Amino acid sequence: MLPTIEWTNDAIVMIDQRKLPASEIYVSCKTAQEVAKAIKTMVIRGAPAIGVAAAMGIALGMRRSKATGTKQFATEFQKLCDLMAATRPTAVNLFWAIEQVKRVFAEAAQGGCSVDEIKQRLEAEARRIHDADVASCRAMGAFGADLVPQDARILTHCNAGALATAGSGTALGVIRAAAGQGKNVVVLADETRPFLQGARLTAWELVKDGIDTTVITDNMAASMMRLGNVDLVVVGADRIAANGDVANKIGTYGVAVLAKEHEIPFYVAAPLSTIDLNTTDGSKIPIEERSDREVTHVGPNRLTPEGAHIRNPAFDVTPAKYVTAIITERGIARPPFHESLAALVSGQQAVGSGQWAVVSEEL
Ligand code: MRU
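Caption draft 1: Structural detail: the packing of aromatic side chains. Enumeration over the complete set of coordinates arrives at three aromatic pairs. Look at Phe-73 and Phe-105: their rings are 5.8 Å apart centre to centre, the planes differ by 20°, and that puts the pair in the stacked class. With a gap of 32 residues between them, Phe-73 in helix α3 (residues 70-85) and Phe-105 in helix α4 (residues 92-110) connect regions that are remote in the sequence. For the residue pair Phe-73 and Phe-105, the accessibility class agrees, reading buried in each case. Aromatic side chains Tyr-253 and Tyr-322 sit 6.1 Å apart centroid to centroid with 65° between the ring planes, which places their arrangement in the edge-to-face category. Of the two residues, Tyr-253 sits in helix α9 (residues 252-261) while Tyr-322 sits in the loop between β14 (315-318) and β15 (325-328), which places them 69 residues apart along the sequence. Judged by its relative accessible area of 37%, Tyr-253 falls in the partly exposed class. Accessibility expressed as a relative area gives 16% for Tyr-322, which makes it buried. Grouped by ring-pair contacts, the aromatic residues Phe-73, Phe-77 and Phe-105 constitute a single cluster. The ring of Phe-195 carries the charged tip of Arg-200 above its face, separated from the ring centre by 5.0 Å. Above the ring of Phe-315, the side-chain terminus of Lys-249 is found at 4.2 Å from the ring centroid.

Caption draft 2: Region of interest: the pattern of salt bridges. This model, assessed by the stated rule, comprises 19 salt bridges. Ionic pairing is found between Asp-16 and Lys-19, a salt bridge with its closest N-O pair at 3.2 Å. Asp-16 sits in the buried class, given a relative accessible area of 1%. Using a relative accessible area of 35% as the deciding quantity, one classes Lys-19 as partly exposed. Across the pair Lys-208 and Glu-24 runs a salt bridge, and its minimum N-O distance is 3.5 Å. In this pair, Lys-208 sits in helix α7 (residues 197-208) while Glu-24 sits in the loop between β2 (12-15) and β3 (26-29), placing the two residues 184 residues apart along the sequence. Among the residues examined, Glu-24 registers a relative accessible area of 40% and is labelled partly exposed. Through salt bridges with shared partners, one network takes in Arg-88, Glu-288, Arg-290 and Glu-294.

Caption draft 3: Just the side chain of Asp-238, in detail. Along the chain, Asp-238 falls in the loop between β7 (232-235) and β8 (239-241). Within the buried core, Asp-238 has no salt-bridge partner, and the shortest N-O distance to an opposite charge, that of Arg-88, equals 6.0 Å. If near-sequence neighbours (up to four positions away) are discounted, Asp-238 is found in contact with Ala-47, Thr-90, Ala-91, Val-92, Asn-93, Ala-247, Asn-248, Lys-249, Thr-274 and Phe-315.

Caption draft 4: Geometry of the sheet that holds β3. Read across the sheet, three strands follow the order β1-β2-β3 without closing on themselves; strand pairing throughout is antiparallel. A single partner strand is all that each edge strand has here, and the edge strands are β1 (5-7) and β3. This sheet shows a mean twist of 20° between the axes of neighbouring strands, independent of strand direction. When β1 meets β2, the two strands line up antiparallel, connected through three bridges. Directly across from Ile-5, in β2, lies its bridge partner Met-14. Sitting on the sheet, helix α2 (residues 47-63) is in contact with β1, β2 and β3, with an inclination near 25° to β1.

Caption draft 5: Summary view of the nonpolar core. Counting residues in hydrophobic clusters, the biggest one holds 45 residues, and the most contacted among them are Ile-12, Met-14, Ile-58, Met-84 and Leu-122. Elements with a minimum of two residues in this core: β1, β2, α1 (32-40), α2, α3, α4 and α5 (115-145). The element best represented in this core is α2, accounting for twelve residues. Ile-264, Val-268, Val-323 and Ile-326 belong to the second largest nonpolar core, which has 28 residues in total.

Caption draft 6: Seen up close, α4. Taking 1.5 Å as the rise per residue, α4 with 19 residues should run 27 Å; its terminal C-alpha atoms sit 27 Å apart, in good agreement. When we look at burial in α4, the residues that qualify are Val-92, Asn-93, Leu-94, Ala-97, Ile-98, Gln-100, Val-101, Val-104, Phe-105 and Ala-108. The secondary structure elements touched by the buried residues of α4 are α2, α3, α5, β8 and β11 (275-276). Just downstream of α4 lies Gly-112, where phi reads positive at about 80°.

Caption draft 7: Layout of the layout of surface pockets. There is about 380 Å³ of room inside the second largest pocket. Lining the second largest pocket, in full, are Arg-18, Thr-41, Pro-194, Phe-195, Leu-196, Arg-200, Arg-290, Arg-293, Glu-294, His-297, Val-298 and Gly-299. Elements with a minimum of two residues in the lining of the second largest pocket: α10 (293-296) and β12 (297-298). The residue makeup of the lining of the second largest pocket, split by class, is four nonpolar, three polar and five charged.

Caption draft 8: Expanded view of the sheet that holds strand β10 (residues 266-269). Here seven strands make up an open sheet; going across it, the order is β6-β5-β4-β7-β10-β15-β16 and the pairing mixed. Of all strands in the sheet, those with a lone pairing partner are β6 (212-216) and β16 (331-333), marking the two edges. Sheet twist, expressed as the mean angle between neighbouring strand axes with direction ignored, is 25°. Relative to β16, β15 runs antiparallel, the two being bridged by three bridges. Within β16, the position partnered with Thr-328 by the bridge is Gly-331. Set on the sheet, α5 makes contact with β10, β15 and β16; between it and β15 the angle comes to about 140°.

Criteria and thresholds
Residues numbered from 1 in each chain as written. Predicted model: local features only at pLDDT ≥ 70, side-chain atom pairs only at ≥ 80, totals over all residues. Heavy atoms only, no water. Phe/Tyr/Trp six-rings, centres within 6.5 Å; stacked < 30°, edge-to-face > 60°. Helix = DSSP H or I, 4+ residues; strand = E, 2+ residues; numbered from the N terminus. Buried < 20%, exposed > 50% of the residue type's maximum accessible area, 1.4 Å probe, protein only. Lys NZ or Arg CZ within 6 Å of the ring centre and 35° of its normal. Salt bridge = Lys/Arg side-chain N within 4 Å of Asp/Glu carboxyl O. Lys, Arg positive; Asp, Glu negative; His and termini not counted. Contact = heavy atoms within 4.5 Å. Pairing = 2+ DSSP bridges. Axes fitted to C-alpha atoms, helices over the stretch in contact; angles between N-to-C directions. Core = buried A, V, L, I, M, F, W, Y, C linked by side-chain atoms within 4.5 Å. Expected span 1.5 Å × (residues − 1). 1 Å grid on protein atoms, 1.4 Å probe; cavity = no way out; pocket = protein on both sides within 12 Å on 5 of 7 lines; lining within 4 Å. Points joined across faces, edges and corners; volume = space filled by probe spheres on them. Nonpolar A, V, L, I, M, F, W, Y, C, P; charged D, E, K, R; others polar.

Put into structure tokens, the structure is as follows:
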């Protein structure tokens, strides 16, 4: 697996996901502003990956600060946090990561650290967020693989893989772990209009890994399910509300409704940083509207006539009633989600049907 994002000496380096699979080009961001632009323009995308990028971008920007006093340094820090927060609204991992670096900043400043010491702590925190995501993917994969039968035809939507995280992916982490256990896994990848994350990114990743992958257009999923070609669905998430409603790439809701109709399990794999207990239900999740051009064009080619109105909501919300289970790095949450998610977030794990115990180990 190629690294999606890496902190080299003086830059944050990312593979340019807009160019895949045609070219494998790396973008070097030397300022926080360049990192913010890379998130906004989807050089890097996927909820956990943009959280990592934001934390690294803030730490990089602060490393370059010329401020000598902590007051000026704190003003610049707040500006960079605001800059990152304005890049994309839906994935809560972005705001979670900003909160992590803010906490580190506040603790260091209150502890009397110098500007140089705060710089070092911010960089260490960004690296910690990166490494924790790698570990989360691994743990989610292990929990999720247990849900995958020995022979499994798995449908996924968008890209919830290595390209969307610092590790092996959330949904694709589960698929990779199942394949790694010797299960016979074949994947149906929804192409995922309009940005084509499934056709371009999921297929690219899985083919590189030697996992049997078939790309279908989004409107083929219904028929594939009806014909009995899908055993389970696993997708990622950008934000999961306290009641288990799931915001994910536009089109996920349709897949979930279809899965229920055909009695196919619909799983969501996401780290705890995607769970937003402050948002009571999916109706409160902000949905990003992206540029018309993603819909009107494929590459340089125009598809739609001038004058037609365009809508481009980048995400939709799948109500909790369509979700069979949510796979996290701490275990699997099942309905009722308002109980199981709260228990997992507070450090407990399932020990039996409807029973919870405190987890002792640090994840
Ligand atoms: O607009 P994107 O490509 O950032 O949307 C990404 C998704 O919807 C993913 O499914 C989600 O972020 C989970 S990634 C592990």
